[in-house]
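The residues making up each chain are set out below.
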Amino acid sequence: MLAIGKPGYALAAREAVTSFLRNTDFEIYIVTDRFSAPMLPSSPRIHLNLLDAARQEYRADGFLAKFDALAWCLGQSSAEIIVQVDADTILLRSLAAAEVSTALGEQRMAMVEQTGIAGSGMTPGDFQEHYSKRSLAFIDGSAAAPPAISFRYFNSGVVLAFRDELQLLLEWVAARRLLLPADHSVGAHMIADQDYFQVWANSVVPDRCASLSWQWNHCGHWDTGFPRRDALIAHFSNFCNGPEFETVLAMHNLLAEGPDFLAEGPAGPLLDNAATGQPADLAFIIITYNSSKIIGYCLDALPDQHEIIVVDNASTDETLDHVTHEGVTTIRNKNNEGFAAAANQGAAAASAKYLCFLNPDCLVTSAAVEAALSTLRRKPDAMIVPDYVDWHGGVTAGRQPGYSRLKLTADLLDNNGMAKWARRLRRLPFYHDHKWSWPLAAALFVRRETFHAIGGFDESYFCYMEDVAVGFEMARRGLEIVELDHVLPHLGQRGADIPTSVRISLIDNARLKFAELHFGRAFAATLRGLRWVLHRRLGIRDALRRKWWRALEGR
C-alpha cells in the first residue's frame, strides 16, 4: 500500500490497514512519509518504508511511487503472492491466502475490469480509444493495441500477482521510464500507475492477466449500488484526486458496520496498547457545537488509557448521538457558553494530572501524545503544542508569534474583503511581535496546575483568540510554550457547523476584544471604525452588483 503526500491518503490508509488487520493474517507493507506514518495503526505485522513526499516534482510522481513501493515490498517479503491495494480500499470480510490463490488460478496477475465512469456516457470503445491514443502511445508507441474483443480496461486499485510476475513488470516499467518524459503528461491527461498496468496486461503479456469478479474491486466510481454488502473490497476511488474528508468518514463508518467488524478476527488485537486499570494521566477535553460530522471520528482516533471529557455547547444537531463511546464523560450545557467557558468546565471536571484541549476536527496520534507527556514531565510549567497539517498538505506551526497592532489590523482587513492590503501589511517590519508567542490550540497540552495557575481560558472571549490570550499570559509570567516535532491533521473549520458570516463576525469580535484588553480602548475604537467602513464598503458594492444584475435581467 502507498500513502504519501496528503493527510487524506494517510487517514484513508488507516481505515484500509485496520480492515486488513482485522480480516486477514497477512503481513502488511506500507510506503508512506513521516507525516503520515504516525496516523497509521500499530501492529507487529505492519512494515513501514518512509519516503520524502516533498521530493515529488510532477503530479504523476505520487502515483508512480507505487512501483517503488512494490519493489521495496518484494525486497522485504518472501511471499509468493502479493495483494496490492490502494489506500482508499476497505476489506469487508475475512480473506485467506487460499482464496487469493484460487482467484489467480493459472494466471500470473489479476485485476478487476472497470466497466464505466459513473455519471458519464463512457463505453468500452471510449476506454479503448483512450488506451490506444494516450496510455499505449505514451508508454510504448511501437506496441500493438489489442482487438476490441480482448481489450480489458483494468483498474489497478486492487492487483493480485505472483512475485515473479511483479518482478518482470517492475523491470519493464523501469526500462520504459528511462525513455519517457518525466512529467508523464499527454496534453491535459496524466499517465500514471494504472496506465502501465493496462499496457502490461493488454499489450505486453495479454495471456497472463485474469479478470477478477467485481467483488474484488467494488467501486462507486463505476459500480451502481455502492457499497454492496456482498462485495469483498470496497474501493472509494476519487479518480486520481485523492480521498476527500467525506470519503474517509464513509470508509470509517463502513468499517464500523456489520458483524465481521465486531470481532478482532484472526489478527488478534488491532493496537498494541491496552487498558491497564491505572488512573488516567491525561484528560482530553473536547468542546462541541454542532459537531456531528466529526466528533465520532475524533473520539475513535483517541489513544486508549486516557480520560475523555466532551463539553457540548447546546448543539442543535445530532452531535451527542455520536458521543456513545464507553468511558466518555459528557457535560451538556443548556446554552452555548462559548469555547473558553466550556473548556474551563471540562478542566474543572478532569481528574488527570495533564490536560489536552482538543478540537473535534483535530486528530491526535499516540506518538504525539507520548511526546507531549514526556515534555511536560521535563518542563511541568510549559504548554506543549504540535504543528498541524491541513487536508491539502499545508503545514501550520503550532507555536505562533505574538500579535502586534499591525497584525490585528491586517487580520481585520483580510477578514473583511481587503486581502490585498492585508498582504502588504504582512510584508512590513514588526508585523509579528516576536517577544512572545501563543499556542494554536487545536491540540494544547498543559499540566492541570499550570492551567489553573494562569487562570485558565479568559471567559470574556466567547470564541477565538482565547489561545492568543493564554499565550500573552504565559509570556507575562515568563512561562514557555514548546513546539513538538510532531504534525497532527487539523481538518479546518469542520469542528462546528456554523455559517461563514457568523464565523467571520466571531473572529472579528474576538480580535477587537483582544485589542481593547491589551492595546487599549483607543486602538480598539480605531479598529471598530475601520470595520464599520469596510462593512459599508461591502454593502455598497453588493448593492451595486444587485442593481447591475437586475439591469442585465431586464434586457
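Values in this document were obtained by computation on a predicted structure and should not be read as measured data.

The rules behind each value
- Residues numbered from 1 in each chain as written.
- Predicted model: local features only at pLDDT ≥ 70, side-chain atom pairs only at ≥ 80, totals over all residues.
- Heavy atoms only, no water.
- Helix = DSSP H or I, 4+ residues; strand = E, 2+ residues; numbered from the N terminus.
- Rg over C-alpha atoms; globule rule 2.2 N^0.38 Å.
- Buried < 20%, exposed > 50% of the residue type's maximum accessible area, 1.4 Å probe, protein only.
- Contact = heavy atoms within 4.5 Å.
- Areas by Shrake-Rupley, 256 points an atom, 1.4 Å probe, with all protein chains shown as cover.
- Lys, Arg positive; Asp, Glu negative; His and termini not counted.
- Charge placed at Lys NZ, Arg CZ, Asp CG, Glu CD.
- Pairing = 2+ DSSP bridges.
- Axes fitted to C-alpha atoms, helices over the stretch in contact; angles between N-to-C directions.
- Parallel < 35°, antiparallel > 145°, perpendicular 65-115°, else oblique.
- Nonpolar A, V, L, I, M, F, W, Y, C, P; charged D, E, K, R; others polar.
- Left-handed = near helix turned anticlockwise from the far one by under 90°.
- Salt bridge = Lys/Arg side-chain N within 4 Å of Asp/Glu carboxyl O.
- Core = buried A, V, L, I, M, F, W, Y, C linked by side-chain atoms within 4.5 Å.
- Phe/Tyr/Trp six-rings, centres within 6.5 Å; stacked < 30°, edge-to-face > 60°.
- Disulfide = S-S within 2.5 Å.

Along its length, the protein carries 16 helices and 22 strands. On C-alpha atoms alone, the protein measures out to a radius of gyration of 27 Å, which is about the 24 Å that the 2.2 N^0.38 rule sets for 555 residues. Dimensions of the protein along its principal axes, counting C-alpha atoms only, are 80 × 75 × 40 Å. Looking at the 555 residues of the protein, the share that counts as buried comes to 51%. In the protein, of all internal contacts separated by at least 6 residues, the share reaching a separation of at least 24 is 77%. Carbon together with sulfur atoms contributes 52% to the accessible area of the protein, which is approximately 25,600 Å² in total. Here the protein holds 54 positive side-chain charges and 64 negative ones, and the gap between their average locations is 11 Å.

Spatial strand order, β5-β12-β11: 3 strands in an open sheet with mixed pairing. In the strand order of this sheet, the two ends are held by β5 (89–91) and β11 (218–219), each with one partner. Where β5 lies against strand β12 (residues 233–235), 3 bridges are found, and the strand directions are antiparallel. For Thr 89, the partnering residue across the bridge sits in β12 and is His 235.

As a further point, take the packing of helix α4 (residues 124–139) against helix α6 (residues 193–204). Viewed as axis vectors pointing N to C, α4 and α6 meet at an angle of 100°, and their least axial separation amounts to 10 Å. Between α4 and α6, the interaxial angle falls into the category roughly perpendicular. Residues His 130, Tyr 131, Ser 135, Leu 136 and Ile 139 of α4 lie in contact with α6, whose contacting residues are Asp 195, Tyr 196, Gln 198, Val 199, Asn 202 and Ser 203. Here the contact of α4 with α6 is built from residues that sort into 5 nonpolar, 5 polar and 1 charged.

With that settled, the discussion passes to the pairing of strand β7 (residues 154–162). In terms of residue burial, β7 counts as a mostly covered element, since 9 of its 9 residues are buried. Where strand β4 (residues 81–85) meets β7, 5 bridges bridge the pair, whose relative direction is antiparallel. Across the sheet, Ile 81 pairs through a bridge with Phe 162, a residue of β7.

This brings us to the pairing of strand β17 (residues 383–389). β17 sits mainly inside the fold: 7 of its 7 residues count as buried. Of the strand pairs in this sheet, β17 and strand β22 (residues 481–489) are connected by 6 bridges, and their pairing is parallel. Residue pairing across strands places Val 385 opposite Glu 483, the latter belonging to β22. For β17 and strand β18 (residues 395–396), the ladder comprises 2 bridges, and the chain directions are antiparallel. The residue bridging Tyr 388 from the neighbouring strand is Thr 396, located in β18. The antiparallel hairpin formed by β17 and β18 contains 5 residues in its connecting segment, where Gly 393 sits at a positive phi of about 95°.

Turning our attention to the packing of helix α1 (residues 7–23) against helix α7 (residues 245–256). Following both chains from N to C, one finds α1 and α7 inclined at 15°, their axes separated by 9 Å at the closest point. Overall, the two elements α1 and α7 adopt an arrangement that is roughly parallel. Between α1 and α7 lies a crossing whose hand is left-handed. Residue-level contacts link Gly 8, Leu 11, Ala 12, Glu 15, Ala 16, Thr 18, Ser 19 and Arg 22 of α1 to Val 248, Met 251, His 252 and Leu 255 of α7. Grouping the amino acids of the contact of α1 with α7 by side-chain chemistry returns 6 nonpolar, 4 polar and 2 charged.

Attention now goes to the pattern of salt bridges. Summed over all chains, the structure comprises 20 salt bridges. With a shortest N-O distance of 2.9 Å, Lys 133 and Glu 129 are connected by a salt bridge. Taken together, the residues span about one helical turn, with Lys 133 and Glu 129 both in helix α4 at a distance of 4 residues. What you see here is one network of salt bridges that share partners, running through Asp 411, Asp 414, Arg 426 and Arg 511.

Here the focus is the sheet that holds strand β3 (residues 46–51). Ordered in space as β1-β2-β3, the 3 strands form an open sheet in which the pairing is parallel. Single-partner strands in this sheet number two, and they are β1 (2–3) and β3. The sheet contact formed by strand β2 (residues 28–33) and β3 spans 6 bridges and is parallel. Counterpart to Thr 32 in the pairing with β3 is Leu 50.

For helix α14 (residues 466–476), a buried count of 8 out of 11 residues is recorded, marking the element as mostly surrounded by other parts of the structure. Looking at α14, one finds that the buried residues are Glu 466, Asp 467, Val 468, Ala 469, Val 470, Gly 471, Glu 473 and Met 474. Buried-residue contacts for α14 involve α9 (339–349), β17, β19 (399–403), β20 (432–439), β22 and α15 (500–519). Gly 478 occupies a position one or two residues after α14 and carries a positive phi of about 75°.

Let us look at the nonpolar core. Judged by nonpolar contacts, the single largest core of 80 residues is most densely connected at Leu 355, Phe 357, Leu 358, Phe 445 and Phe 457. Residue contacts for Phe 457: discarding those within four places in its chain leaves Phe 339, Ala 340, Ala 343, Asn 344, Phe 357, Leu 444, Phe 451, Glu 466, Asp 467 and Val 470. In this structure, Ile 82, Met 109, Val 159 and Val 199 belong to the second largest nonpolar core, which totals 43 residues.

All chains considered together, the criterion is met by 21 aromatic pairs. Taken together, a centroid distance of 4.8 Å and an interplanar angle of 40° make the contact between Phe 357 and Phe 451 tilted. With Phe 357 in strand β16 (residues 354–358) and Phe 451 in helix α13 (residues 448–453), this pair connects stretches of sequence that are 94 residues apart. When the ring of Tyr 403 is compared with that of Trp 438, the centres are 6.1 Å apart and the planes differ by 40°; the resulting orientation is tilted. Here Trp 438 lies in strand β20 and Tyr 403 lies in strand β19, a separation of 35 residues in the sequence.

So, about the state of the cysteines. For the structure shown, the criterion picks out 0 disulfides. Here Cys 209 is not disulfide-linked; the sulfur of Cys 219 is the nearest cysteine sulfur, at 18 Å. Look at Cys 209 and you get buried, because its relative accessible area is 12%. The thiol sulfur of Cys 362 is not disulfide-bonded, and the nearest other cysteine sulfur, from Cys 298, lies at 7.6 Å. For Cys 362, a relative accessible area of 0% gives the class buried.

What follows is about the environment of Phe 339. By the element assignment, Phe 339 lies in helix α9. Exposure remark for Phe 339: the relative accessible area of 15% places this residue in the buried category. A sequence separation of 300 residues divides Phe 339 from Met 39, and the C-alpha atoms of the two residues are 27 Å apart. Discounting chain neighbours no more than four positions away, the residues touching Phe 339 are Ile 287, Asn 313, Asn 359, Phe 457, Phe 462 and Glu 466.

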